[in-house]
Amino acid sequence: MRDKDTAIDKQAAKTPESRPEKLTVAAARELLRRLKLRGTAARIAVVQCLADNLSPLSHAEVTERLGQLGFDASTIFRSLTELAEAGLFRRVDLGDGARRFEFAPRGEGGDVAHPHFLCLDCGKITCLPGFTFELRGVRGGTPAPEEVTEVLLKGRCAECR
Ligand SMILES: [Zn+2]
Ligand SMILES: [Zn+2]
């Protein structure tokens, strides 16, 4: 396990310019410790991968990003589901059949669900944590749905405009 941890450290050190706020191995380990989960190399890598993304990722996308570190698809899938059950990740269902996960730690703003935006040109999905939408009915209109679990907006992203 030790050697895998070192590999991740090196990986992070290689690309410091990508994201200055990149979650460190120590910070990821601390998040796991608070959830009473052992800080295995795979869990730490999965936490870092999702924490560094402002978009929900599917199992295939996480596997693609972490495959080079030597983790196999089933280990990554197990980590994703464990951490979703532990309340560190949220499952995002955008209705296209792909099960996606995003970093949403409980008690640190992660408990508030946010809308997502799908660009119809490039297909990119973006989290919109700074936005809320309210369903406001008109008098005499149809009754409100029992529960809204996901708000998905579609259109064109800034790059495709
Ligand atoms: Zn786009
Ligand atoms: Zn999101």
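Digging into the overall build of the protein
Summing up its helical and strand segments, the protein has 5 helices and 6 strands in all. For the protein, the succession of helices and strands along the chain, N to C, is α-α-α-β-α-α-β-β-β-β-β. For the protein, the share of sequence-separated contacts (at least 6 apart) that also reach a separation of at least 24 residues comes to 54%.

Some points on the packing of helix α3 (residues 41-51) against helix α4 (residues 59-66)
Helix-helix packing: each pair is described by the crossing angle between the helix axes and the interaxial distance. It is at 11 Å that the axes of α3 and α4 come closest, and there the two elements cross at 110°. The angle between α3 and α4 places the two elements in the roughly perpendicular class. Judged by the twist between their axes, the crossing of α3 over α4 is right-handed. Packed against α3, whose contacting residues are A45, V46 and C49, the element α4 presents V62, R65 and L66 at the interface. Split by residue class, the contact of α3 with α4 holds 5 nonpolar, no polar and 1 charged.

Considerations on the pairing of strand β2 (residues 89-93)
Both β2 and strand β3 (residues 99-103) contribute to a ladder of 5 bridges, which runs antiparallel. Counterpart to R91 in the pairing with β3 is F101.

What to know about the sheet that holds β2
The strand order β1-β3-β2 describes an open sheet built from 3 strands, whose pairing is antiparallel. Looking at strand neighbours, the two that pair on one side only are β1 (57-58) and β2, the edges of this open sheet. Against the sheet, α3 touches β1, β2 and β3, its axis set at about 85° to β3.

Brief notes about helix α2 (residues 25-34)
Quick reminder: α-helices carry 3.6 residues per turn. Residues three or four places apart thus point the same way. Taken residue by residue, α2 has A28, L31 and L32 as its buried positions. Down the axis, α2 shows its buried residues gathered within 95° of arc, on one side only. Opposite the buried face of α2, at more than 90 degrees from it, the exposed residues are A26, E30, R33 and R34. Against the buried residues of α2 lie α3. Just downstream of α2, K36 is the residue with a positive phi angle, here 60°.

Some points on the confidence of the model for the protein
Across the protein, pLDDT averages 85, with 85% of residues at or above 70. Scored below 50 in pLDDT, residues 1-19 shows 17 contacts in the model against residues more than four places distant or in partner chains.

So, the nonpolar core
By size, the foremost hydrophobic cluster in this structure holds 25 residues, and its most contacted members are A45, V46, V47, L50 and F89. Counting residues per element, the ones that place at least two in this core are α2, α3, α4, α5 (73-85), β2 and β3. Residue contributions to this core peak at 9 residues, all from α3.

Side note on the sheet that holds strand β5 (residues 125-127)
Sheet architecture is open: 3 strands sit in the order β5-β4-β6, paired in mixed fashion. Each end of this open sheet is capped by a strand with a single partner; those strands are β5 and β6 (152-155). In this sheet, neighbouring strand axes are inclined to one another by 25° on average, regardless of whether the strands run parallel or antiparallel. Judged from the 3 bridges that link them, strand β4 (residues 116-119) and β5 form a sheet pairing that is antiparallel.

Cut-offs applied
Residues numbered from 1 in each chain as written. Chains lettered and ligands numbered in written order. Predicted model: local features only at pLDDT ≥ 70, side-chain atom pairs only at ≥ 80, totals over all residues. Helix = DSSP H or I, 4+ residues; strand = E, 2+ residues; numbered from the N terminus. Contact = placed C-beta atoms within 7 Å. Axes fitted to C-alpha atoms, helices over the stretch in contact; angles between N-to-C directions. Parallel < 35°, antiparallel > 145°, perpendicular 65-115°, else oblique. Left-handed = near helix turned anticlockwise from the far one by under 90°. Nonpolar A, V, L, I, M, F, W, Y, C, P; charged D, E, K, R; others polar. Pairing = 2+ DSSP bridges. Buried ≥ 20, exposed ≤ 12 C-beta atoms within 10 Å, placed from the backbone. Arc of directions from axis to C-beta. pLDDT = per-residue confidence, 0-100. Core = buried A, V, L, I, M, F, W, Y, C linked by C-beta atoms within 7 Å.

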